[in-house]
Amino acid sequence: MVRVGVLGGTFDPVHNGHLAVAETVFHALHLQRILFVPAGEPPHKTSRRITPIAHRVQMVSLAIADRPEFALSLIDVARPGPHYSVDTVRLARQAHQASKDDCFFVTGADALIDLPDWHLPQQLLSLCRLAVAHRPGYQPDIAALSRRLPLLPERIVWVEMPGIPISATAVRAGVKRKQSIAGVVPAAVADYIAAQNLYR
Ligand code: ATP
Ligand code: MG
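The present account deals with the structure reproduced in this document.

Conventions and cut-offs
Residues numbered from 1 in each chain as written. Chains lettered and ligands numbered in written order. Predicted model: local features only at pLDDT ≥ 70, side-chain atom pairs only at ≥ 80, totals over all residues. Heavy atoms only, no water. Helix = DSSP H or I, 4+ residues; strand = E, 2+ residues; numbered from the N terminus. Buried < 20%, exposed > 50% of the residue type's maximum accessible area, 1.4 Å probe, protein only. Contact = heavy atoms within 4.5 Å. Polar contact = N/O pair within 3.5 Å; in protein donor to acceptor, adjacent residues only side chain to side chain. Arc of directions from axis to C-beta. Near = heavy atom within 4 Å. Pairing = 2+ DSSP bridges. Axes fitted to C-alpha atoms, helices over the stretch in contact; angles between N-to-C directions.

1. Considering the environment of Gln122
Assignment of secondary structure puts Gln122 in helix 5 (residues 121-127). Classification of Gln122 as partly exposed rests on a relative accessible area of 28%. Measuring from C-alpha to C-alpha, the distance between Gln122 and Val86 comes to 9.4 Å, with 36 residues separating the pair along the chain. With near-sequence residues (within four places) excluded, Gln122 lies in contact with Leu149, Pro150 and Leu151. Looking at Gln122, its side chain comes within polar contact range of the main-chain nitrogen of Leu151, at 3.0 Å.

2. Observations regarding helix 9 (residues 187-196)
If you check which residues of helix 9 are buried, you get Val189, Ala190, Tyr192 and Ile193. Summarising the axial view, the buried residues of helix 9 lie within an arc of 160 degrees, below the 170-degree limit, and thus occupy one face. Exposed positions of helix 9 whose direction lies more than 90 degrees from the buried face are Ala187, Asp191 and Ala195. For helix 9, the elements touching its buried residues are helix 2 (53-64) and helix 8 (168-176). Looking one or two residues beyond helix 9, the residue adopting positive phi is Asn197, at roughly 60 degrees.

3. Some points on the site of ligand 1
Around ligand 1, 21 residues are found, and the nearest of them are His15, Asp110, Ile164, Ala168 and Thr169. Here an oxygen atom of ligand 1 sits 3.1 Å away from a polar atom, N or O, in the main chain of Phe11. Between ligand 1 and Arg135 there is a distance of 2.9 Å, counted from an oxygen atom to a side-chain nitrogen or oxygen. Elements supplying a minimum of two residues to the shell around ligand 1: strand 1 (4-9), helix 1 (16-28), strand 4 (103-108), helix 4 (109-114) and helix 8.

4. Description of the sheet that holds strand 2 (residues 33-38)
The strands making up a sheet associate through backbone hydrogen bonding, with each pair oriented either parallel or antiparallel. With parallel pairing, 6 strands are arranged side by side in an open sheet as 3-2-1-4-5-6. On the outer flanks of this sheet lie strand 3 (70-72) and strand 6 (156-159), each paired with one strand and no other. With strand direction ignored, the average angle separating the axes of adjacent strands in the sheet is 30 degrees. By the bridge criterion, 3 bridges tie strand 2 to strand 3 in an arrangement that is parallel. What sits directly across from Phe36, in strand 3, is Leu72.

Purely geometric numbers; function is a separate question.
Below, the structure written as structure tokens:
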């Protein structure tokens, strides 16, 4: 039985905000492993073009290379979409033999606000607990969310950490403007972005 965190994301690119959340959750909740689960290729056109999965996977690999407790998981890359978090959690629990109380779906407060609109959110909360990190600029209304998701209060765990004002959107914009992203993404990821000419 493993106590595991599941951090899903587009990771376009992975950045130090993701790593800080993972690090904090890992220690605060006494986890044995954090799975970084990149979202697969979106099936249809969305508002912006997402970087091909091979790059996003490679950047996650580089970012966590020195942390054996952090693992890349291809569960959402290897299966056909749509990729619902309820299914991701089910697969992660099976792979790691984690019980519903020992599996934590990790999100920032921005994602929590959208949770009622996810696919089967109550079922998700019955399959795992939710570890939520504060995110600057987002103030979820827990009372309102709980009216729509009655399981939320008993399944949510707030992760105490300073808000980290980093987003992948800002990283992409910074690269485009030729600003330095040192200190915002791991050095190996910054080197990869430069070498592959991403986000130009
Ligand atoms: P984008 O700007 O492209 O949406 P992002 O920085 O939000 O990228 P995602 O891959 O969308 O990164 O995020 C994956 C998960 O990590 C989400 O649950 C998100 O809330 C969380 N997360 C990302 N950055 C932070 C941060 N700085 N603080 C707290 N949570 C974060
Ligand atoms: Mg996001």
